[in-house]
Amino acid sequence: MNTLKKVCNGLLLLLLSCQLSEVSAKVNNSIVASPDGKLSVNLSIENGQAYYSVSRNSKSILLKSLLGFTFKNIPSLDKDFEIKSVEKSSFNQTWEQPWGEKRFVVNNYNELVVHLLEIKNLKRKLDLVFRVFNDGFGFRYKFPQQPNIDSLIITNEETEFNFPAVHNAWWIPVHSDNSYYESIFRHTALNKVDTVNTPLTLETKEGLFLAIHEANLTDYASMTLVRIDSSRFKCELVPWANGIKVYAKAPFETPWRTMIITDKPGDLVTSYLMLNLNEPCKLQDISWIKPIKYIGIWWGMHLEKYSWGQGAIHGATTENTMRYIDFSAKNGFGGVLVEGWNEGWDGNWPENGNVFSFTKAYPDFDIDKICKYAESKKIKLIGHHETAGAVANYEKQMEDAFKLYQLHGVNSVKTGYVNKYLNGKEWHDGQFGVRHYRKVFETAAKYHIMVDNHEPVKPTGLCRTYPNFMTQEGARGQEYDAWSSDGGNPPSYTTILPFTRMLAGPFDFTPGTFNFDKPAKHYARVQTTIAKQLAEYVIIYSPLQMASDLPENYNGKAFDFIKQVPCDWSDTKVLNAEIGSFVTIARKDRNSGIWYVGAITNENKRELTINLQFLDKNKEYTAQIYSDGADADWKTNPKSFDYKEIKVNSLSVLSVNLAPGGGAAVRLVMK
Ligand code: NOJ
């Protein structure tokens, strides 16, 4: 962390300019452009209402879009505005991530703060803060402390996104498939889009790519988007059970509403705008936070080979856990996740979350012995807290639960909330859920515990502020390939993920399944080839990264790639991409400097060229290429696989054949 501090201190001095300029009152609009001057955001007042609009290279990205709020019991704050004053400033800083897809992140934007005043009635003040980057923008509302605003009960945030045309969209619906974002992406015209979650990703007819999301979701409700016209959307905050959207007290600020705007889909992936709009790290000591790869007593439960609850096939036994620890140590993994170790799993656990104990182990799980054994093998046990959504039961035990883990040297936990509602009535992504999840990772930080959160509220970049908040679910993981009644994740799914859900942050997708048989009791199966399973380690980023399969299925050359591939990168490049069809990503290992490339395709076979110009010039490399065999096909021959080594340099262009549902993984080692 010393490096981090030094870099941050040094770079802080390099702030290019931060000029404040007061502009006289009574203007009715104010414009701020990106540092390269191409993107501009205009805040205007028309007939007392506040709007923003956005253009890029003089072409409209968003038409005049409304801003404002309605409240319970007090007049709305959405009219009779005038611009009291504005402030403009610029910022340019490079900061270092403790872990991530890129080590050094440039945070360069121009800022406009518009101080609005309600000229009639309550004469309330509302500030709008816009930050415009070269690759997009963010804005938030700020409610300053003032006489006529104290506690606020927000019934609607009226923010609009008014697109000038009916773009193409990739989206998932809100709460209709289930309440934690586990949906297959829809690809439709904008005028067919329902109420959707963010990130919402769009492609315009001119070939621009846009992604709307939010950053720094703190003590507020998640933003979803409802279509109010063919291409006009409005923010729809996820409500409390009583219909209220947000309880707040001035002064306060909303999360940032964000849009990434790029010419290529790959540039969405390498935008760091959302992280930049989060606050710097708040934890003093982060030396204990370390990305690791892990295996788990987990897939066996999803296949029904093991059970979470007690009985003849209980997975979390002392003996089985020690076997997993041995396998983990032998193959260079960092941890073993164990689910079903604690009391509460017997019977219908999703319906009975209140009986979970987070401190009492089942009699056949000797936590003391297991943790001592793990320590002797330099393996970390990864804890598990499934709550079944019974948040009150969990919160009562949370401190003791984390204390127990800390006592046993467990420094990461997977949390889970399998239930339509939290506490039987609240959405996961309303203000209630947002507050709860925050409490979990803040409490975990006190006990030096990293968090992998399943059934979460969507990520919004909070891992910058709390780097122990490592990874989340918040999408259909590979577990659907064990039991989903629709057969599992279709081959195109992972070619959409990088441009949608992955824009929000790391995903514990759990790649690495080598067994493609249909589980005995289910219809689903993994719909990839084995080479695509390897490529997914590069494509789908998670700093706690799983090798999902049973140890007995791991053997052969392909397993070498899983053993070697890291989960902490200093750089990321998207080499080619077409959303829903294919994507190739190259990432550089933060520790060894070795480059890894993953390429994946949908259900169609294709030949991809991979230009290696990102390699160091004038150096020779060995490319270790794991690719689909000539007769590979996810349906008929998923295990057919080739391995070869060739000499390459920065002038080389690889050509790889991907099978239907296939992929390729390449490791580039400097000689
Ligand atoms: C759903 C999670 O996604 C899965 O990984 C876990 O095994 C089960 N819940 C049980 O907690």
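All chains use their own residue numbering, which begins from 1 and follows the written sequence. Reporting in this predicted model follows two pLDDT cut-offs: at least 70 for local features of residues, and 80 or more for side-chain atom pairs to be given and counted; totals over whole chains, interfaces and linings ignore these cut-offs and use all residues. As a rule here, side-chain values cover all heavy atoms of the structure and leave hydrogens and water aside.

1. Overview of the domain arrangement of the chain
Point 1. On domain assignment, one finds that the chain holds domain 1 (3-276) and domain 2 (597-670).
Point 2. Note that the domain bounds were set by an automatic or database domain assignment. Computed over C-alpha atoms only, the centres of domain 1 and domain 2 are separated by 39 Å.

2. Points about the sheet that holds strand S33 (residues 641-648)
Point 1. Pairing between two strands requires that DSSP report at least two bridges joining them. A run of H or I in DSSP becomes a helix once it reaches four residues, and a run of E becomes a strand once it reaches two; helices and strands are each numbered from the N terminus. Strand order in the open sheet made by the six strands is S28-S29-S30-S35-S32-S33, with antiparallel pairing throughout. A strand with exactly one partner marks an edge of an open sheet, and here the two such strands are strand S28 (569-578) and S33. Along the sheet, successive strands turn relative to each other by an average axial angle of 15 degrees, direction set aside.
Point 2. In the sheet, S28 pairs with strand S29 (residues 582-589) via eight bridges, with the strands oriented antiparallel. By the bridge assignment for S29, Asp 571 is matched with Lys 588.
Point 3. Set on the sheet, helix H11 (residues 530-539) makes contact with S28, S29, strand S30 (595-601), strand S32 (621-628), S33 and strand S35 (663-670); between it and S30 the angle comes to about 125 degrees.
Point 4. Across the face of the sheet, helix H12 (residues 557-564) comes into contact with S30, S32, S33 and S35 while running at roughly 120 degrees to S32. Fitted lines through C-alpha atoms serve as axes, helices being fitted only where they are in contact, and the angles separating the N-to-C directions of these axes extend from 0 to 180 degrees. Here a residue-residue contact requires only that any non-hydrogen atoms of the pair lie within 4.5 Å.

3. A few points about the packing of aromatic side chains
Point 1. Under the pairing criterion, centres of Phe, Tyr and Trp rings, with the six-membered ring standing for Trp, must be within 6.5 Å; the plane angle then separates stacked pairs below 30 degrees from edge-to-face pairs above 60, leaving the rest tilted. Within this structure, the stated rule accounts for 46 aromatic pairs.
Point 2. Three or more aromatic residues link up through ring pairs in this structure, and these residues are Tyr 52, Phe 69, Phe 71, Phe 130, Phe 137, Phe 139, Tyr 141, Phe 143, Phe 161 and Phe 252.
Point 3. Comment: the charge-over-ring label is applied if NZ (Lys) or CZ (Arg) is within 6 Å of the ring centre and within 35 degrees of the ring normal. When the ring centre of Tyr 643 is taken as reference, the NZ or CZ atom of Lys 557 above it lies at 4.4 Å.

4. Notes on the sheet that holds strand S25 (residues 450-453)
Point 1. The strand order across the open sheet built from seven strands is S26-S25-S24-S23-S22-S21-S27, with neighbouring strands paired in parallel fashion. Sheet topology places strand S26 (469-472) and strand S27 (544-546) at the edges, where each strand pairs with a single neighbour. Mean inter-strand twist for the sheet, computed between neighbouring axes without regard to direction, equals 30 degrees.
Point 2. Contacts from helix H5 (residues 318-330) reach strand S21 (292-297), strand S22 (335-338) and strand S23 (380-386), with the element oriented near 150 degrees to S21.

5. Some words on the site of the ligand
Point 1. Throughout, the term near means that a residue has one or more heavy atoms lying within 4 Å of the molecule or strand in question. Near the ligand, the surroundings consist of 14 residues, among which Glu 339, Glu 386, Lys 414, His 454 and Glu 473 are the closest.
Point 2. In this structure, His 302 approaches the ligand through a side-chain N or O atom, which is 2.9 Å from an oxygen atom.
Point 3. Polar contact criterion, stated in full: a pair of N or O atoms within 3.5 Å, where within protein one must be able to donate a hydrogen and the other to accept it, and residues adjacent in sequence count only if both atoms are side-chain atoms. Within the side chain of His 454, an N or O atom sits 2.9 Å from an oxygen atom of the ligand.
Point 4. Three categories are distinguished: nonpolar for Ala, Val, Leu, Ile, Met, Phe, Trp, Tyr, Cys and Pro, charged for Asp, Glu, Lys and Arg, and polar for the others, with Gly belonging to the last. Looking at the shell around the ligand residue by residue, the class counts come to five nonpolar, three polar and six charged.

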